[in-house]
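# A closer look at the structure
Here are the chains, one letter per residue:
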Amino acid sequence: MAATSNAYSSPANNTTDQLRLLVVDDDIDAGDALSEVLARRGHGVQTANNSKGALEALLASNPDIALVDVRLGHENGIELVDQFKQNRPQLPCIMMTAYADLNAAIGAVRHGAHDFLRKPIDMDLLEAALERCRTMVRLTQEKKQAEEALQKTLDNLEQRVDERTDALRESEIRFRDFADIAADWLWEIGPDLRFTFLAGQVERAMGMRPEEFIGLTRAELYRDSQNLESPEWKEHTKALEAREPFTDYEITWPKPDGEIRNINLTGNPRFDDDGTFLGYRGVGRDTTERKKVDRLKSEFVATVSHELRTPLTSIRGSLGLLHSESFGPLTEGGKDLIEIALNNSERLINLVNDILDVEKLQSGELEFDFQTLDLSELVTEVTKINVGFADKFNTRFVLDLASPSTRVQGDANRLTQVIANLLSNAAKFSPEGSEVKISVTQNGDMAKVSVSDSGPGIPDEFRKHLFQRFSQVDSSDVRQKGGTGLGLNISRSIIERHNGEIDFESEVNVGSTFFFTLPVSG
């Protein structure tokens with residue numbers, strides 16, 4: 001029998017589509033002829049004419065595809081394919097025979113053949129079969145790589161799942177520990193607004209176990225309470241139906257023993273990636289004791305403030321008379337001391353008045369008398385009244401009325417309080433000899449009052465605190481200017497009661513512009 005070729009024949013055209021082929025045919029001439037045609041088509045070809053030579057070639061050269069004759073003399077090509085598969089399970093094999101029938105084809109496929117061609121070989125059909133095998137090889141390799149990558153990912157994922165599971169278990173324990181000791185409690189309601197989850201101190205606050213809430217709506221829980229008829233509850237229900245977030249919603253809750261508790265609720269709506277409403281999650285808090293403390297504090301502050309204001313007013317009046325030398329001349333030292341006492345008494349009276357205003361604003365007791373006002377005219381009057389304050393700090397007010405007549409609905413006294421506060425702040429913090437610019441403009445249906453200075457400006461880190469109570473920029477240069485730290489907080493509350501907004505723009509070492517906007521009256 002002819003010797004086996006153990007090296008691939010050199011292809012006539014070396015291309016990226018080259019395949020390494022093993023042709024096994026006991027007919028040496030037929031095998032050589034097929035090899036020559038395949039080599040001219042750009043493939044590397046190795047031949048063998050018996051099973052032993054074919055197995056040696058398989059192990060030595062690792063072909064991409066094997067073409068095997070069904071009959072190899074007294075040997076069986078199908079059995080050779082079985083041996084190939086034992087060594088190279090993924091090797092594609094194409095069977096060739098001049099005696100093809102259906103049973104032979106079925107037998108070949110059952111033994112691992114990937115295709116079946118009749119001799120003489122139609123080269124177009126062979127190339128198509130090779131391309132199918134090439135695709136299968138590529139897919140098999142990609143599958144193997146994907147499986148290896150997947151296994152690696154699964155191994156990593158399993159490790160991460162174990163780590164996350166441990167972390168989640170620890171987080172859940174931590175969450176329950178915090179929920180058990182926190183004064184607040186957590187709640188969740190589904191898209192039908194029925195409770196699905198509660199955790200924390202809900203039983204201590206509301207007198208019901210968490211499981212008693214599950215499946216019920218708030219309306220069903222309030223069925224024996226006046227809350228259902230209150231305007232606040234109806235507005236809150238509208239917000240729920242509109243799927244809007246809510247903050248610090250207050251209710252009164254009758255416990256089973258008859259005790260009435262004040263409950264504060266905050267919640268955010270939940271949506272899935274498609275925008276489907278999933279319900280709410282939020283926090284509940286028992287504010288009964290805090291409200292009692294706040295009420296006592298307010299009563300105490302109001303009482304003390306009222307008790308202080310009368311004697312302070314008397315003291316200021318007396319000091320004023322002494323300072324004016326109505327009862328005789330004073331020494332220079334004595335007059336200086338009287339002036340210091342007079343200034344401090346005025347600061348105390350301003351502080352008392354501001355505290356009373358803050359308490360009234362918080363309790364809703366501060367009265368407003370809304371009328372149609374000419375905002376430009378009001379700003380002009382307030383500016384004239386405060387000229388003396390500008391002179392005190394050696395500054396000058398400059399008025400610019402871009403809108404000479406701008407009508408709004410407002411309380412003249414309260415708006416005067418806001419404008420005067422902005423003017424006094426600008427005068428106090430402006431360099432000596434500088435100007436404070438006041439303007440009134442209108443943009444569409446909104447009027448805007450602006451007060452600009454060339455003072456030290458507001459540091460970025462202080463911006464979010466500026467409108468809080470008792471807030472002042474913490475520097476000695478600012479502190480010595482005086483002030484209660486309540487003016488801007490009161491001004492914001494007043495402007496908000498007018499359905500307006502107050503804000504500022506500032507640049508350190510350049511200056512600040514404080515402004516408020518109000519709706520224009522029709």
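Above this text sits the structure in question.
Residues numbered from 1 in each chain as written. Predicted model: local features only at pLDDT ≥ 70, side-chain atom pairs only at ≥ 80, totals over all residues. Heavy atoms only, no water.

## Description of a negative patch on the surface
A cluster of acidic side chains, namely Asp155, Glu158, Asp162 and Glu163, defines a negative patch on the protein surface. In this fold, Asp162 is placed in helix H5 (residues 123–181). (Patch = residues over 30% accessible without salt bridge, like charges linked within 9 Å, V, L, I, M, F, W, Y side chains within 5 Å. Areas by Shrake-Rupley, 256 points an atom, 1.4 Å probe, with all protein chains shown as cover. Salt bridge = Lys/Arg side-chain N within 4 Å of Asp/Glu carboxyl O. Lys, Arg positive; Asp, Glu negative; His and termini not counted. Charge placed at Lys NZ, Arg CZ, Asp CG, Glu CD. Helix = DSSP H or I, 4+ residues; strand = E, 2+ residues; numbered from the N terminus.)

## So, the nonpolar core
Judged by nonpolar contacts, the single largest core of 41 residues is most densely connected at Leu466 and Phe516. Among the elements that line this core, the one with the most residues is helix H14 (residues 412–428), at 7 residues. Ignoring sequence-local partners within four residues, the contact set of Phe516 consists of Val418, Ile419, Leu422, Ala447, Lys448, Val449, Ile495, Glu501 and Ile502. Membership of the second largest hydrophobic core comes to 22 residues, among which are Trp185, Ile189, Val202 and Phe213. (Core = buried A, V, L, I, M, F, W, Y, C linked by side-chain atoms within 4.5 Å. Buried < 20%, exposed > 50% of the residue type's maximum accessible area, 1.4 Å probe, protein only. Contact = heavy atoms within 4.5 Å.)

## What about helix H9 (residues 231–241)?
Since one α-helical turn is 3.6 residues long, residues separated by three or four positions face the same way. Of all the residues in H9, the buried ones are Trp233, His236, Ala239 and Leu240. Each buried residue of H9 lies within a common arc of 115° when the element is viewed along its axis, so the set occupies one face. Residues of H9 that are exposed and point over 90 degrees away from its buried face: Pro231, Lys238 and Glu241. Close packing links the buried residues of H9 with helix H8 (218–221), strand S10 (246–254) and strand S12 (277–286). (Arc of directions from axis to C-beta.)

## Side note on unusual backbone geometry
Across the junction of Lys119 and Pro120, the peptide omega takes the value -10°, indicating a cis bond. Tracing the backbone shows Pro120 in the loop between strand S7 (115–118) and H5. Positive phi, normally seen in glycine, also occurs at Asn62, with a value near 50°. Summarising the element assignment, Asn62 is placed in the loop between helix H2 (51–61) and strand S3 (65–69).

## Quick look at helix H3 (residues 77–87)
Every buried residue of H3 is accounted for by Gly77, Ile78, Leu80, Val81, Phe84 and Lys85. Seen end-on, H3 carries its buried residues on one side only, within an arc spanning 150°.

## Some remarks on the environment of Phe327
Mapped onto the fold, Phe327 is located in the loop between helix H10 (288–323) and helix H11 (332–363). Its relative accessible area of 67% is what places Phe327 among the exposed residues. Contacts of Phe327, omitting those with residues within four sequence positions, involve Leu321 and Leu322.

## With respect to the pairing of S12
Taken together, the 5 bridges between strand S8 (residues 185–189) and S12 define a ladder with antiparallel strand orientation. Among the inter-strand pairings, Trp187 is bridged to a residue of S12, identified as Gly282. With 9 bridges connecting them, strand S11 (residues 260–271) and S12 associate as antiparallel partners. If you follow Asn264 over to S12, its bridge partner there is Arg285. The loop that links S11 with its antiparallel partner S12 comprises 5 residues; one of these, Gly275, has a positive phi angle of about 85°. (Pairing = 2+ DSSP bridges.)

## A word on a nonpolar patch on the surface
A surface patch of nonpolar side chains, amounting to about 340 Å² of accessible area, comprises Leu150, Leu154, Leu157 and Val161. For Val161, the location among the structural elements is in helix H5.

## Points about the pairing of S8
Within S8, 4 of the 5 residues are buried, which leaves it mostly tucked inside the rest of the structure. Direction of pairing for S8 relative to strand S9 (residues 195–200): antiparallel, over a ladder of 5 bridges. In the strand pairing of S9, Trp187 is matched with Leu198. The turn linking S8 back onto S9 is made up of 5 residues, and Leu193 within it adopts a positive phi angle of 65°.

## Description of the packing of H2 against H3
The packing of two helices is summarised by the inter-axis angle and the distance between the axes. The N-to-C vectors of H2 and H3 enclose an angle of 25°; their axes lie 11 Å apart at closest approach. The angle between H2 and H3 places the two elements in the roughly parallel class. Crossing handedness for the pair H2 and H3: right-handed. Along the contact surface, H2 presents Ser51, Ala54, Leu55, Leu58 and Leu59, while H3 presents Leu80, Gln83, Phe84 and Asn87. Residue classes in the contact of H2 with H3 are distributed as 6 nonpolar, 3 polar and no charged. (Axes fitted to C-alpha atoms, helices over the stretch in contact; angles between N-to-C directions. Parallel < 35°, antiparallel > 145°, perpendicular 65-115°, else oblique. Left-handed = near helix turned anticlockwise from the far one by under 90°. Nonpolar A, V, L, I, M, F, W, Y, C, P; charged D, E, K, R; others polar.)

## Some points on the pattern of salt bridges
Close approach of charged atoms lets side chains of opposite charge pair. According to the stated counting rule, one finds 24 salt bridges in the structure shown. Put simply, Asp64 and Arg20 hold a salt bridge, and the shortest N to O gap is 3.3 Å. Remark: Arg20 occurs in strand S1 (residues 20–24) and Asp64 occurs in the loop between H2 and S3; sequence separation between them is 44 residues. On the basis of relative accessible area, Arg20 is assigned to the partly exposed category, the value being 32%. Between Lys292 and Glu289 there is a salt bridge, and its shortest N-O distance comes to 3.8 Å. Residue Lys292 and its partner Glu289 are located together in helix H10, separated by 3 residues, close to a single helical turn. Judged by its relative accessible area of 43%, Glu289 falls in the partly exposed class. The structure contains a network of salt bridges with shared partners spanning Lys255, Glu259, Arg261, Asp286, Glu289 and Lys292.

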